[in-house]
Amino acid sequence: MTDLALQTEQPVIPDKLYFKIGEVSELLGVEAYVLRYWETEFPIVSPKKSGTGHRLYRRKDVETLLRIKHLLYNMRFTIEGARQALQTEAGARKRRQPKAAQQELFGSDPLPEIRRELADILALLK
């Protein structure tokens, strides 16, 4: 494990679409074989492959790998524990997202407005 791997501050991720495995390895401070191993253990990390078979990581993949590194090296999670933590975080994000989208579309609770409009329609039909 390198000294870079034990750093607690987050590295700055360059503004690029794709990163090669060497770039990600250098950014995270871990060897390329560690990244390939994490790919097998964490299904959430899925880099695209170029026509020549080279791995191309997206920014989302790099951010996920940074989170994995933090869980494993700083928080001292096991591989299984880190996998469960990532799944829990993803589940919590999914549960929060529909409510936020509903509030963005309708403001607060849309039911009183819907009831009022239905009552108006019913009055028109009578």
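The structure presented is a predicted model; accordingly, all values stated were derived computationally and were not measured.

Colleague: When you look at the overall build of the protein chain in this model, what are you seeing that I'm missing?
Modeller: The number of helices and strands found in the protein chain is 5 helices and 3 strands. Helices (α) and strands (β) of the protein chain occur, in sequence order from the N terminus, as β-α-α-β-β-α-α-α. Classification of the 126 residues of the protein chain by burial places 29% in the buried group. For the protein chain, the proportion of contacts with a sequence separation of at least 24, taken over those separated by at least 6, is 53%.

Colleague: Any chance you could explain the packing of helix α1 (residues 21-28) against helix α2 (residues 32-41) here in plain terms?
Modeller: Helix packing geometry: the angle between the two helix axes and the distance between the axes. Viewed as axis vectors pointing N to C, α1 and α2 meet at an angle of 100°, and their least axial separation amounts to 9 Å. Between α1 and α2, the interaxial angle falls into the category roughly perpendicular. In this structure, α1 uses Ile21, Val24, Ser25 and Leu28 to contact α2, whose residues at the interface are Ala32, Leu35, Arg36 and Trp38. For the contact of α1 with α2, the per-class residue count stands at 6 nonpolar, 1 polar and 1 charged.

Colleague: I keep staring at unusual backbone geometry and nothing clicks. Help me out?
Modeller: Comment: phi is negative for the bulk of residues other than glycine, and the bulk of peptide bonds are trans. One non-glycine residue, Arg76, lies in positive phi territory at about 65°. Its location among the elements puts Arg76 in the loop between α3 (59-74) and α4 (79-106).

Colleague: Would you mind going over the pattern of salt bridges with me for this structure?
Modeller: In this structure the tally under the stated criterion is 9 salt bridges. For Lys16, the salt bridge goes to Glu23, with nearest N and O atoms at 2.7 Å. Judged by relative accessible area, Lys16 falls into the partly exposed class, the value being 35%. Given a relative accessible area of 33%, Glu23 falls into the partly exposed group. Here Asp120 makes a salt bridge to Arg116, at a shortest N to O gap of 3.2 Å. Taken together, the residues span about one helical turn, with Asp120 and Arg116 both in helix α5 (residues 111-125) at a distance of 4 residues. Taking relative accessible area as the criterion, Asp120 reaches 38% and is therefore assigned partly exposed.

Colleague: So what exactly am I meant to see when it comes to the sheet that holds strand β2 (residues 48-49) here?
Modeller: The antiparallel open sheet is built from 3 strands, whose spatial order is β1-β3-β2. Every interior strand has two partners, whereas the edge strands, β1 (18-20) and β2, have only one. Across the sheet, α1 touches β1 and β3 (55-58), and the angle it forms with β1 is around 85°.

Analysis parameters
- Residues numbered from 1 in each chain as written.
- Predicted model: local features only at pLDDT ≥ 70, side-chain atom pairs only at ≥ 80, totals over all residues.
- Heavy atoms only, no water.
- Helix = DSSP H or I, 4+ residues; strand = E, 2+ residues; numbered from the N terminus.
- Buried < 20%, exposed > 50% of the residue type's maximum accessible area, 1.4 Å probe, protein only.
- Contact = heavy atoms within 4.5 Å.
- Axes fitted to C-alpha atoms, helices over the stretch in contact; angles between N-to-C directions.
- Parallel < 35°, antiparallel > 145°, perpendicular 65-115°, else oblique.
- Nonpolar A, V, L, I, M, F, W, Y, C, P; charged D, E, K, R; others polar.
- Salt bridge = Lys/Arg side-chain N within 4 Å of Asp/Glu carboxyl O.
- Pairing = 2+ DSSP bridges.

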